[in-house]
Amino acid sequence: MAELQETSINELRAALRGRVIQPGDHDYEDARKVYNAMIHKKPRLIVRCADVADIISSVNFARQNGLLLSIRGGGHNAGGLGICDDGLVIDLAPIKYTRVDPTAGTATVGGGCVWGDVDHATHAFGFAVPSGIISTTGVGGLTLGGGIGHLTRKFGLTIDNLLSAEVVLADGRFVKANAEENADLFWALRGGGGNFGVVTSFVFKLNKIDMIYGGPMLYQLSEAADVMKWYREFIVKAPDDLSGFFAFLTVPPAPPFPEHLHLKKMCGIIWACAATESKAAEMFKPIRAFKKPALDLHVRFGHELPSMHSTMHLYPINGAASRVGKSETAWNYRDANWAQVMVGVDPDPANKDKIISWTKNYYDALHPYSAGGAYVNFLMGDEGGDRVKATYGDNYERLVKIKNKYDPDNFFRVNQNIKPSAKKS
Ligand SMILES: Cc1cc2nc3c(=O)[nH]c(=O)nc-3n(C[C@H](O)[C@H](O)[C@H](O)COP(=O)(O)OP(=O)(O)OC[C@H]3O[C@@H](n4cnc5c(N)ncnc54)[C@H](O)[C@@H]3O)c2cc1C
């Protein structure tokens, strides 16, 4: 890394409407935190970008000074890919706006929004964009990796609802990407992660939906094999309006959960139904009526959940998401029924080894039965290039060509990296 002069940092500062945060500043420790508290990266500069001009200045500054660059959207990436050691972090958090156009049926969303911001803005108009399952995940990372959530079966992945994006490229140029302009880049952004540039704003298609009916239905852990077997057959044939993901969990010690279940390890299905209340009641009848059988591999790891926050979720990705062709977007697993995530989480660092070993053992036991690759947003930061290649399957070579065109020097590499073949870094 080139030696950074205070004078050049001052020049950057003068060019910005946002702030530069450096080691020693009162808020540096807070500014470098991400969702996963096991990540302790120490950037040289964190730029809280206020607008697109700030992003262009930051990209040019990092490139001209040979600094590694990372892009922080919501900071939720489990591998901590929103932040980097010794480099420059573009922190998009201040770029927070959602403009709903009910006539056009679109929402324009600033690159620093989290999904709660979008839900808040669209719900007031009776619309939604399909996103994930919680409100604090960043729009940027979740969208660019694909986007799986409660409305996937009805409206597809988040990227299936992306109409256009505005992007700052590695050379500092600002471009639009959609079906008409830079269509190759638009294809790659829909699943290819942060490999191609900094997305400053997203335009999403709005879907008419006012209310969903749902919530968790919990079962004893001893019934897990039964529940899974029934659920596996039920959900792939269920109407698109109905979604539900399977989970092993520890019941939170708070309402609305009854006290006698608090902190109990259980399994459950978290339902979300987008039909009208009366249709939803009909759809839930067979769910309430089903019965139970035996034990399997999953159940062993369910019993061994190592902490209250650790969990396993099995998300259905069939329905509308599976009716998009494998090569229509960079996201390749259109023929898979499930995306599974095993999450070892605990606020106490003393439990680190316990949760890592549970997660790794679970992964090792199940992986031989998986489709091979992964959902890019569920990968950690250190799983290696082969996992990334397997994830994109037949779409990988096309992604490399687009990377060669838009980022031949692999400037954007703090991500699940698609390496350019033109030049290697
Ligand atoms: C508690 C939790 C719940 C989750 N739930 C879901 C879920 O329901 N569904 C689902 O699909 N995923 C889910 N995820 C995974 C999530 O999609 C990824 O962690 C995603 O990377 C988070 O995006 P972010 O913007 O918050 O991440 P960040 O850590 O800020 O960034 C992650 C990556 O995205 C890139 N990036 C972010 N914003 C931009 C941008 N504007 N332009 C270019 N690149 C950008 C960065 O380069 C970086 O590589 C969840 C993760 C957590 C921790």
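Structure shown above.
Conventions we followed
Residues numbered from 1 in each chain as written. Predicted model: local features only at pLDDT ≥ 70, side-chain atom pairs only at ≥ 80, totals over all residues. Heavy atoms only, no water. Pairing = 2+ DSSP bridges. Helix = DSSP H or I, 4+ residues; strand = E, 2+ residues; numbered from the N terminus. Phe/Tyr/Trp six-rings, centres within 6.5 Å; stacked < 30°, edge-to-face > 60°. Buried < 20%, exposed > 50% of the residue type's maximum accessible area, 1.4 Å probe, protein only. Lys NZ or Arg CZ within 6 Å of the ring centre and 35° of its normal. Polar contact = N/O pair within 3.5 Å; in protein donor to acceptor, adjacent residues only side chain to side chain. Contact = heavy atoms within 4.5 Å. Axes fitted to C-alpha atoms, helices over the stretch in contact; angles between N-to-C directions. Parallel < 35°, antiparallel > 145°, perpendicular 65-115°, else oblique. Left-handed = near helix turned anticlockwise from the far one by under 90°. Salt bridge = Lys/Arg side-chain N within 4 Å of Asp/Glu carboxyl O. Near = heavy atom within 4 Å. Areas by Shrake-Rupley, 256 points an atom, 1.4 Å probe, with all protein chains shown as cover. Expected span 1.5 Å × (residues − 1). Bend = angle between axes of the 7 residues up to and from the residue. Arc of directions from axis to C-beta. Core = buried A, V, L, I, M, F, W, Y, C linked by side-chain atoms within 4.5 Å. Disulfide = S-S within 2.5 Å.

1. Concerning the pairing of strand 9 (residues 174-178)
Okay, step 1: Both strand 8 (residues 162-168) and strand 9 contribute to a ladder of 5 bridges, which runs antiparallel. Paired with V168 across the bridge in strand 9 is F174.
Okay, step 2: Taking the residues that link successive antiparallel strands as the turn, the strand 8-strand 9 hairpin has 5 residues, and the phi of G172 there is positive, at about 90 degrees.

2. Brief notes about the packing of aromatic side chains
Describing an aromatic ring pair means giving the distance of the ring centres and the angle of the ring planes.
Okay, step 1: Counted by the stated rule, this structure contains 16 aromatic pairs.
Okay, step 2: Consider the rings of W230 and F234, whose centres lie 4.7 Å apart with planes at 15 degrees: the pair is stacked. With W230 and F234 both in helix 8 (residues 224-237), this residue pair falls 4 residues apart, about one helical turn. The pair W230 / F234 is uniform in exposure class, with both members buried.
Okay, step 3: Judged by centre distance (4.6 Å) and plane angle (80 degrees), the ring pair of Y375 and F378 falls under edge-to-face.
Okay, step 4: Classification of Y375 by relative accessible area gives buried; the value is 8%.
Okay, step 5: It is K208 that lies over the ring of F127; its NZ or CZ is 4.8 Å from the centre.

3. As for the side chain of N207
Okay, step 1: Here N207 lies in strand 11 (residues 207-208).
Okay, step 2: Separated by 3.2 Å, the side chains of N207 and N161 make a polar contact.
Okay, step 3: Non-local contacts of N207, meaning those with residues more than four positions away in its chain, are made with G126, F127, A128, V129, P130, F155 and N161.

4. Here we look at the packing of helix 1 (residues 6-15) against helix 3 (residues 52-64)
Okay, step 1: Interhelical geometry of helix 1 versus helix 3 gives an angle of 160 degrees and a closest axis separation of 9 Å. Between helix 1 and helix 3, the crossing angle belongs to the class labelled roughly antiparallel. As helix 1 runs across helix 3, the sense of the crossing is right-handed. Contacts from S8, I9, L12 and A15 of helix 1 reach helix 3 at D54, S57, S58 and F61.

5. Overview of the sheet that holds strand 3 (residues 69-72)
Okay, step 1: Strand order across the open sheet formed by 4 strands is 1-2-4-3, with mixed pairing between neighbours. Only two strands of the sheet have a single partner each, and these edge strands are strand 1 (19-21) and strand 3. The average angle at which neighbouring strand axes cross in this sheet is 20 degrees, direction not considered.
Okay, step 2: Here strand 3 runs beside strand 4 (residues 88-91); their pairing, made up of 4 bridges, is parallel. Bridge pairing in strand 4 places I71 opposite I90.
Okay, step 3: Lying over the sheet, helix 3 contacts strand 2 (45-48), strand 3 and strand 4, oriented at roughly 170 degrees with respect to strand 4.

6. A word on the pattern of salt bridges
Okay, step 1: Counted under the stated rule, the structure contains 15 salt bridges.
Okay, step 2: D171 serves as the salt-bridge partner of R173, at 2.9 Å between the closest nitrogen and oxygen.

7. Here's the deal with the site of the ligand
Okay, step 1: What surrounds the ligand is a group of 31 residues, the closest being G73, G75, I133, I148 and Y375.
Okay, step 2: The contact in question runs from an oxygen atom of the ligand to an N or O atom on the backbone of G75, over 2.7 Å.
Okay, step 3: A distance of 2.9 Å separates an oxygen atom of the ligand from a polar atom in the backbone of I133.
Okay, step 4: Protein contacts shield 93% of the accessible area of the ligand, which totals 950 Å² for the unbound molecule.
Okay, step 5: Of all the elements in the fold, those that place two or more residues in the shell around the ligand are strand 3, helix 5 (139-145) and strand 10 (198-205).
Okay, step 6: In terms of residue count, the dominant contributor to the shell around the ligand is helix 5 (4 residues).

8. Comments concerning the environment of E181
Okay, step 1: Of note, E181 is situated in the loop between strand 9 and helix 7 (183-189).
Okay, step 2: Between the C-alpha atoms of E181 and S164, which are 17 residues apart in sequence, the distance is 9.1 Å.

9. Considering helix 8
Okay, step 1: Here helix 8 spans 20 Å end to end across 14 residues, near enough to the 20 Å set by a 1.5 Å rise per residue.
Okay, step 2: Of all the bends in helix 8, the largest measures some 25 degrees and sits at Y231.

10. Section: helix 12 (residues 385-392)
Okay, step 1: Every buried residue belonging to helix 12 is among R387, V388, T391 and Y392, and all of these are buried. Taken down its axis, helix 12 places every buried residue within 130 degrees of arc, on the same side.
Okay, step 2: Turning to helix 12, the residues buried within the fold contact helix 11 (352-366) and helix 13 (396-406).
Okay, step 3: At the C-terminal side of helix 12, G393 shows a positive phi close to 50 degrees.

11. Examining the nonpolar core
Okay, step 1: Formed by 52 residues in total, the largest nonpolar core has its most connected members in L242, F246, F248 and W271.
Okay, step 2: Mapped onto this core, the elements with two or more residues apiece are strand 12 (213-220), helix 8, strand 13 (242-250), strand 14 (265-273), helix 9 (277-289), strand 15 (311-316), strand 16 (338-343) and helix 11.
Okay, step 3: In terms of residues, this core owes the most to one element, helix 8, which gives 7 residues.
Okay, step 4: Those residues in contact with F246, other than ones at most four positions away along the chain, are V227, M228, Y231, C267, G268, I269, M312, H313 and L314.
Okay, step 5: Core analysis: the next-biggest nonpolar cluster, separate from the first, contains 40 residues, V139, L142, L206 and L379 among them.

12. Section: the state of the cysteines
Okay, step 1: All chains considered together, the criterion is met by 0 disulfides.
Okay, step 2: The thiol of C84 is not disulfide-bonded; the next cysteine sulfur, from C49, is found 13 Å away.

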